[in-house]
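# Chain and residue survey
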Amino acid sequence: MNHPTPKATSRQWRGVIREYADRLDVTDATPVVTLGEGGTPLLPAPALSRRTGADVWVKYEGMNPTGSFKDRGMTMAVTKAVERGAKVVICASTGNTSASAAAYATHAGIKAAVLVPEGKIAMGKLSQAIAHNGELIQVQGNFDDCLDIARDLAENYAVHLVNSVNNDRIEGQKTAAFEIVEAHGDAPDFHFIPVGNAGNYTAYTRGYREDLAAGNSTRIPRMFGFQASGSAPIVRGEPVRNPETIASAIRIGNPASWELALAARDETDGYFGAIEDDKILEAQRILSAEVGIFVEPASAISVAGLLERAEAGAIPAGARVVLTVTGHGLKDPQWALRTADGSDVQPTVVPVDTAQIAAVLGLTS
Ligand SMILES: *Cc1c(COP(=O)(O)O)cnc(C)c1O
């Protein structure tokens, strides 16, 4: 690429590859494809600390360029694909991977083909993939079918797979753990994270493991991963043929990184749990209304998982807890308008009249 490389002294975050070049498989000659991903906020969540007695922090991955953590992996996957001469990348996606692949591919001047399950993609994600000039194919099947076909195509045709079965994705995503250790000076006691294909669960464990080995931290957190009850193959111990949940980003019946995730759980004294959809929506509301962080339903399962585990007495008072919230609420905003009885919130309508509006707001002069 003929772009000038920003100086290390620049106050602008340079994306995860340049920030962590010494900890990723890149050289000075690597054609870095970045949209400035990573460097996301790690925010205290006093409302959640009060509810649980733990010291709770939120890693806000919705703040990445396309609104999800997928960008951390995609910068690496597309960079390495370009380095290897790829002209087309392909992925299966529940939505966010397609948005990210399309953005990074078009930035690199190559093509992204994305396979998504027909009718199962949140509107925000679908529009992103199209806006970024992705070759979007709706498959009349579920995510697992899409991944099978994407793998098939990558094996037999001139396209490069950028799903999280691609190790470059996991490598890029491990940088989120580096950022947490840097911010706190050590790893947390517990890390809570949504689980779909379990690539991110695997990536954080790798990042924490590498930080420990490098002497940057004194521990690896217990990795607590959560699946939606209608889509919980790892918790059940068998694939789910027709996974169902409103948390579309984790509607996955046969996780690609299943074996790696089980190994990571055993290594970290971790845990996998299942959460009902109504608890996911409740947690989404708590996070948006009490903490000020708006996430899509799949991301809120980290919060729901924490509340459930704290209730079960599994989280000691004062324990340092980090929750990854994986994607922005604007991706799939309809759920925020839904009330408990299933109808939509109706904002109050008033005439152009100050006194009436003051009365509606309960203001006194
Ligand atoms: C992809 C995704 C997940 C699941 O991540 P895996 O690595 O597949 O386990 C969770 N939440 C959001 C918002 C995602 O886009």
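Residues numbered from 1 in each chain as written. Predicted model: local features only at pLDDT ≥ 70, side-chain atom pairs only at ≥ 80, totals over all residues. Heavy atoms only, no water.

The chain has the name Threonine synthase in an unreviewed UniProt entry, where Agromyces salentinus is given as its organism. Regarding the chain, the relevant UniProt record gives this comment under Pathway (unreviewed entry): "Amino-acid biosynthesis; L-threonine biosynthesis; L-threonine from L-aspartate: step 5/5." Regarding the chain, the UniProt comment filed under Catalytic activity (unreviewed entry) reads as follows: "O-phospho-L-homoserine + H2O = L-threonine + phosphate". (UniProt positions renumbered as here; feature names shortened; annotations may be inferred.)

### Considering the sheet that holds strand 1 (residues 42-44)
Pairing is mixed in the open sheet, where six strands are placed in the order 1-2-10-7-8-9. If you trace the sheet from one side to the other, it starts and ends with strand 1 and strand 9 (271-275), each paired once. Across the sheet, the mean angle separating the axes of adjacent strands is 25 degrees when strand polarity is ignored. Two elements, strand 8 (residues 222-228) and strand 9, share five bridges in a ladder whose sense is parallel. The partner of Gly 225 across the bridge, within strand 9, is Phe 272. Across the sheet, helix 8 (residues 175-184) touches strand 1, strand 2 (55-60), strand 7 (190-194) and strand 10 (320-325), and the angle it forms with strand 2 is around 135 degrees. On the sheet, helix 12 (residues 277-291) packs against strand 1, strand 2, strand 8, strand 9 and strand 10 and is oriented at approximately 95 degrees with respect to strand 9. (Pairing = 2+ DSSP bridges. Helix = DSSP H or I, 4+ residues; strand = E, 2+ residues; numbered from the N terminus. Axes fitted to C-alpha atoms, helices over the stretch in contact; angles between N-to-C directions. Contact = heavy atoms within 4.5 Å.)

### A look at the side chain of His 191
As for its placement among the helices and strands, His 191 is situated in strand 7. In terms of polar contacts, His 191 uses its side chain to reach the side chain of Tyr 208, at 2.8 Å. Here Thr 324 takes part through its side chain, which lies 2.7 Å from a polar atom of the side chain of His 191. Setting aside its immediate chain neighbours within four residues, His 191 contacts Ile 180, Tyr 204, Tyr 208, Pro 221, Arg 222, Met 223, Phe 224, Val 322 and Thr 324. (Polar contact = N/O pair within 3.5 Å; in protein donor to acceptor, adjacent residues only side chain to side chain.)

### Digging into the pattern of salt bridges
One pass over the structure, following the stated rule, counts 24 salt bridges. Among the ionic pairs, Glu 83 bridges to Lys 80, the shortest N-O distance being 2.9 Å. Pair noted here: Glu 83 and Lys 80 are both in helix 3 (residues 70-83), with a separation of three residues, about one helical turn. Residue classification places Lys 80 among the buried positions, given a relative accessible area of 6%. One salt-bridge network, in which partners are shared between bridges, spans Lys 59, Glu 61, Arg 72 and Glu 179. (Salt bridge = Lys/Arg side-chain N within 4 Å of Asp/Glu carboxyl O. Buried < 20%, exposed > 50% of the residue type's maximum accessible area, 1.4 Å probe, protein only.)

### Quick look at the site of the ligand
With respect to spatial proximity, 16 residues lie near the ligand, and among them Lys 70, Asn 96, Asn 197, Ala 198 and Thr 326 are the closest. Here Asn 200 contributes a backbone N or O atom positioned 2.8 Å from an oxygen atom of the ligand. At 2.7 Å from a nitrogen atom of the ligand is found a side-chain nitrogen or oxygen belonging to Thr 326. Protein coverage of the free-state accessible area of the ligand, which is 380 Å², stands at 97%. Of all elements in the fold, only helix 9 (199-213) and helix 13 (297-311) reach the threshold of two or more residues within the shell around the ligand. Looking at the shell around the ligand, its residues break down into six nonpolar, eight polar and two charged. (Near = heavy atom within 4 Å. Areas by Shrake-Rupley, 256 points an atom, 1.4 Å probe, with all protein chains shown as cover. Nonpolar A, V, L, I, M, F, W, Y, C, P; charged D, E, K, R; others polar.)

### Quick look at the packing of aromatic side chains
What characterises a pair of aromatic rings is the spacing of the ring centres plus the angle enclosed by the ring planes. As enumerated under the stated definition, the model contains ten aromatic pairs in all. Between Trp 13 and Tyr 20, the ring centres sit 6.4 Å apart and the planes meet at 65 degrees, which makes this aromatic pair edge-to-face. Using a relative accessible area of 28% as the deciding quantity, one classes Trp 13 as partly exposed. For the ring pair Tyr 204 and Tyr 208, a centre distance of 6.4 Å and an interplane angle of 45 degrees mean the geometry is tilted. Separated by four residues within a single helix, Tyr 204 and Tyr 208 lie in helix 9, roughly one turn from each other. When its relative accessible area of 0% is taken as the criterion, Tyr 204 is described as buried. Ring pairing ties together the aromatic residues Phe 190, Phe 192, Phe 224, Phe 226 and Tyr 271, which thus form one cluster. Between Arg 23 and the ring centre of Phe 178, over which it is positioned, the NZ or CZ distance is 3.5 Å. (Phe/Tyr/Trp six-rings, centres within 6.5 Å; stacked < 30°, edge-to-face > 60°. Lys NZ or Arg CZ within 6 Å of the ring centre and 35° of its normal.)

### A closer look at the packing of helix 3 against helix 4 (residues 96-108)
Where helix 3 meets helix 4, the closest approach of the two axes is 9 Å, and the angle between their N-to-C directions is 40 degrees. Classed by the angle they form, the pair helix 3 and helix 4 counts as oblique. As for how helix 3 packs across helix 4, the hand of that crossing is right-handed. Two secondary-structure elements touch here, helix 3 through Lys 70, Asp 71, Met 74, Thr 75, Val 78 and Val 82 and helix 4 through Asn 96, Thr 97, Ser 100, Ala 101, Tyr 104, Ala 105 and Ala 108. Residues that form the contact of helix 3 with helix 4 fall into these classes: seven nonpolar, four polar and two charged. (Parallel < 35°, antiparallel > 145°, perpendicular 65-115°, else oblique. Left-handed = near helix turned anticlockwise from the far one by under 90°.)

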